[in-house]
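Residue-level structure breakdown
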Amino acid sequence: MMKFKDLKAGERAVVVGVTGDGPVRKRLLDLGLTRGVEIVLVRVAPLGDPIEIELRGFRLTVRKDETDIVELERCEVRE
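The structure displayed is predicted, hence computed values, not measured ones.

1. Points about the side chain of Thr67
- In this structure, Thr67 sits in the loop between β4 (58-62) and β5 (70-74).
- When near neighbours in sequence (up to four residues on either side) are disregarded, Thr67 contacts Phe4, Ile51 and Val62.

Set out below in structure tokens:
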């Protein structure tokens, strides 16, 4: 499994799962980071935090430490 920190801007991945429990997990799930969703890492702020991702047709900005509980799998390159 990989994490958001393993992605570079422009790379795609699919959410495999969101681990743990608590308010951060619930917030991420409510924002649409659920299993099977394809995401694109749009950009990372100059100092590395926050990050901007695109999913389900909208862009979302989240703190990098909040995304540590999200497990990803890299997407195959589409042509």
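Let's pick the thread back up.
2. What about the nonpolar core?
- Counting 18 residues, the largest nonpolar core has Phe4, Leu7, Leu33, Ile39, Ile53, Val70 and Leu72 as its most contacted members.
- Taken together, the elements giving at least two residues each to this core come down to β1 (12-18), β2 (38-44), β3 (51-55), β4 and β5.

3. Regarding the sheet that holds β2
- On the basis of which strands lie adjacent, the open sheet formed by five strands has the order β4-β3-β2-β1-β5 and antiparallel pairing. With one partner strand each, in any of the chains shown, β4 and β5 form the two edges of the open sheet. Between one strand axis and the next, the sheet turns through 40° on average, direction left out of account.
- Strand direction decides the pairing type here: β2 and β3, joined by five bridges, are antiparallel. In the sheet register, Leu41 faces β3, and the bridge partner there is Ile53.

Calculation notes
- Residues numbered from 1 in each chain as written.
- Predicted model: local features only at pLDDT ≥ 70, side-chain atom pairs only at ≥ 80, totals over all residues.
- Heavy atoms only, no water.
- Helix = DSSP H or I, 4+ residues; strand = E, 2+ residues; numbered from the N terminus.
- Contact = heavy atoms within 4.5 Å.
- Core = buried A, V, L, I, M, F, W, Y, C linked by side-chain atoms within 4.5 Å.
- Buried < 20%, exposed > 50% of the residue type's maximum accessible area, 1.4 Å probe, protein only.
- Pairing = 2+ DSSP bridges.
- Axes fitted to C-alpha atoms, helices over the stretch in contact; angles between N-to-C directions.

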